[in-house]
Amino acid sequence: MLIYNVTTKLSWPIHEAWLKWMKEKHIPEILATGCFTDARFVRLLDTDEAEGPTYAVQFFAETAEQYQKYLDAHAPLLRKEAMETWGEQFISFRTLMQVVN
């Protein structure tokens, strides 16, 4: 099992609209690609929120092939949409993790 983690720091002015967009549009669109089996959306605590809050979304992929399919076929368009919607009011970084049992 792989976890594709996207951590995002955003500005306060877009906070409420961004949350709604994430819950109602962006996360469902990513899950609809069929590349991930589930997602977990969390807010980071114990961080400096002077400029805005920080969130993370973890998407769960059964195989490396599913993750790679997402990167190749879906990620560019979805990332472009995020940039066009929110511009410079957020910054994200991505990590790939493997579940260790």
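Shown above is the structure to which this text applies.
Structure report, in brief.

The rules behind each value
Residues numbered from 1 in each chain as written. Predicted model: local features only at pLDDT ≥ 70, side-chain atom pairs only at ≥ 80, totals over all residues. Heavy atoms only, no water. Helix = DSSP H or I, 4+ residues; strand = E, 2+ residues; numbered from the N terminus. Rg over C-alpha atoms; globule rule 2.2 N^0.38 Å. Buried < 20%, exposed > 50% of the residue type's maximum accessible area, 1.4 Å probe, protein only. Contact = heavy atoms within 4.5 Å. Axes fitted to C-alpha atoms, helices over the stretch in contact; angles between N-to-C directions. Parallel < 35°, antiparallel > 145°, perpendicular 65-115°, else oblique. Left-handed = near helix turned anticlockwise from the far one by under 90°. Nonpolar A, V, L, I, M, F, W, Y, C, P; charged D, E, K, R; others polar. Pairing = 2+ DSSP bridges.

**As for the overall build of the chain**
A tally of helices and strands in the chain yields two helices and four strands. Mapped from its N terminus to its C terminus, the chain presents α and β elements in the order β-α-β-β-α-β. Its C-alpha atoms give the chain a radius of gyration of 14 Å, within 12% of the compact-globule value 13 Å for 101 residues. Overall, the C-alpha framework of the chain stretches about 40 × 30 × 20 Å when taken along its three principal axes. Burial analysis of the chain (101 residues in total) assigns 37% to the buried set. Contacts spanning at least 24 positions in sequence make up 73% of the contacts within the chain whose residues lie at least 6 apart.

**Some thoughts on the packing of helix α1 (residues 15-32) against helix α2 (residues 64-86)**
Where α1 contacts α2, the two axes come as close as 12 Å, and the packing angle between them is 160 degrees. With respect to each other, α1 and α2 are oriented roughly antiparallel. The interaxial crossing formed by α1 with α2 has right-handed handedness. Contacts between α1 and α2 involve Ala17, Trp18, Trp21, Lys25, His26, Glu29 and Ile30 from the first element and Tyr70, Leu78, Glu81, Ala82, Thr85 and Trp86 from the second. Residue composition of the contact of α1 with α2, grouped by class: eight nonpolar, two polar and three charged.

**Concerning the sheet that holds strand β3 (residues 54-61)**
With antiparallel pairing, the four strands of this open sheet are ordered in space as β2-β3-β1-β4. Among the strands making up the open sheet, the edge pair consists of β2 (38-43) and β4 (90-98). Strand after strand, the sheet turns through a mean of 15 degrees between neighbouring axes, direction not considered. Bridge analysis of strand β1 (residues 2-10) against β3 gives eight bridges, and the strand direction is antiparallel. Within β3, the position partnered with tyrosine 4 by the bridge is phenylalanine 59. Contacts from α1 reach β1, β2 and β3 within the one sheet, and its direction differs from that of β2 by about 165 degrees.

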